[in-house]
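Chain residues, written in single-letter form:
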Amino acid sequence: QVQLVESGGGLVQPGGSLRLSCAVSGTIFSINAMGWYRQAPGKQRELVATITRYGTTNYADSVKGRFTISRDNAKNTVYLQMNSLKPEDTAVYYCNVERNFAPWGQGTQVTVSS
């Protein structure tokens, strides 16, 4: 069973930064593309960013230029560096394996508020 454990969320003021981590186990991490998703209150879950096994990245237009997804295959971990945070970034953030989804983890709460 694939396990996904997100961490690093918290409360931050607009314009601030956070770095999220996703620890992955139960799969061959290095060959899988990974993605970050988020779900805001009253909204559906949306894709935020993806990274392939080769390091190719893609971003939602809403976060492009502000967020950076990366991976460390030696640590089986995916990261999401979030800069210039906005109130509309407030959501629970989740990671998952692209094209081979596992059950969702607990997610990590990001709240951007002044």
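For the structure itself, consult the block above.
What counts, and where the lines are drawn
Residues numbered from 1 in each chain as written. Predicted model: local features only at pLDDT ≥ 70, side-chain atom pairs only at ≥ 80, totals over all residues. Heavy atoms only, no water. Helix = DSSP H or I, 4+ residues; strand = E, 2+ residues; numbered from the N terminus. Pairing = 2+ DSSP bridges. Axes fitted to C-alpha atoms, helices over the stretch in contact; angles between N-to-C directions. Buried < 20%, exposed > 50% of the residue type's maximum accessible area, 1.4 Å probe, protein only. Lys, Arg positive; Asp, Glu negative; His and termini not counted. Salt bridge = Lys/Arg side-chain N within 4 Å of Asp/Glu carboxyl O. Polar contact = N/O pair within 3.5 Å; in protein donor to acceptor, adjacent residues only side chain to side chain. Contact = heavy atoms within 4.5 Å. Phe/Tyr/Trp six-rings, centres within 6.5 Å; stacked < 30°, edge-to-face > 60°. Lys NZ or Arg CZ within 6 Å of the ring centre and 35° of its normal.

Topologically, Gly9 is positioned in the loop between β1 (3–7) and β2 (10–12). Gly9 sits 11 residues away from Leu20 along the chain, and the two C-alpha atoms are 6.2 Å apart.

Read from one edge to the other, the open sheet built from 6 strands follows the order β2-β10-β9-β4-β5-β6, with strand pairing classed as mixed. Each edge of the open sheet is held by one strand with a lone partner, namely β2 and β6 (57–59). In this sheet, neighbouring strand axes are inclined to one another by 25° on average, regardless of whether the strands run parallel or antiparallel. Pairing geometry for β2 and strand β10 (residues 108–112), over 3 bridges, is parallel. Paired with Leu11 across the strands is Thr111, a residue of β10.

On to the side chain of Glu98, then. Looking at the secondary structure, you find Glu98 in the loop between β9 (91–97) and β10. Here Glu98 is buried and forms no salt bridge, its nearest opposite-charge partner Arg99 lying at an N-O distance of 7.6 Å. A distance of 2.5 Å separates a polar atom in the side chain of Glu98 from a polar atom in the side chain of Tyr37. Setting aside residues no more than four positions away along its own chain, Glu98 makes contact with Ala33, Met34, Gly35, Tyr37, Leu47 and Thr50.

Taken as a whole, this structure holds 4 aromatic pairs when the rule is applied. Aromatic pair Tyr37 and Phe101: ring centres 5.5 Å apart, planes at 80°, arrangement edge-to-face. Of this pair, Tyr37 sits in strand β4 (residues 34–39) while Phe101 sits in the loop between β9 and β10, and the two are 64 residues apart along the sequence. Tyr37 gets classed as buried once you look at its relative accessible area, which sits at 9%. Taking 5.3 Å as the distance between ring centres and 80° as the angle between the ring planes, the aromatic pair formed by Phe101 and Trp104 counts as edge-to-face. Since its relative accessible area comes to 42%, Phe101 is described here as partly exposed. Taken together, the aromatic side chains of Tyr37, Tyr94, Phe101 and Trp104 make up a single cluster linked through ring pairs. For the cation-ring pair, Arg19 lies above Tyr79, with the distance from its terminal atom to the ring centre recorded as 4.1 Å.

This is a description of form; function is not addressed.
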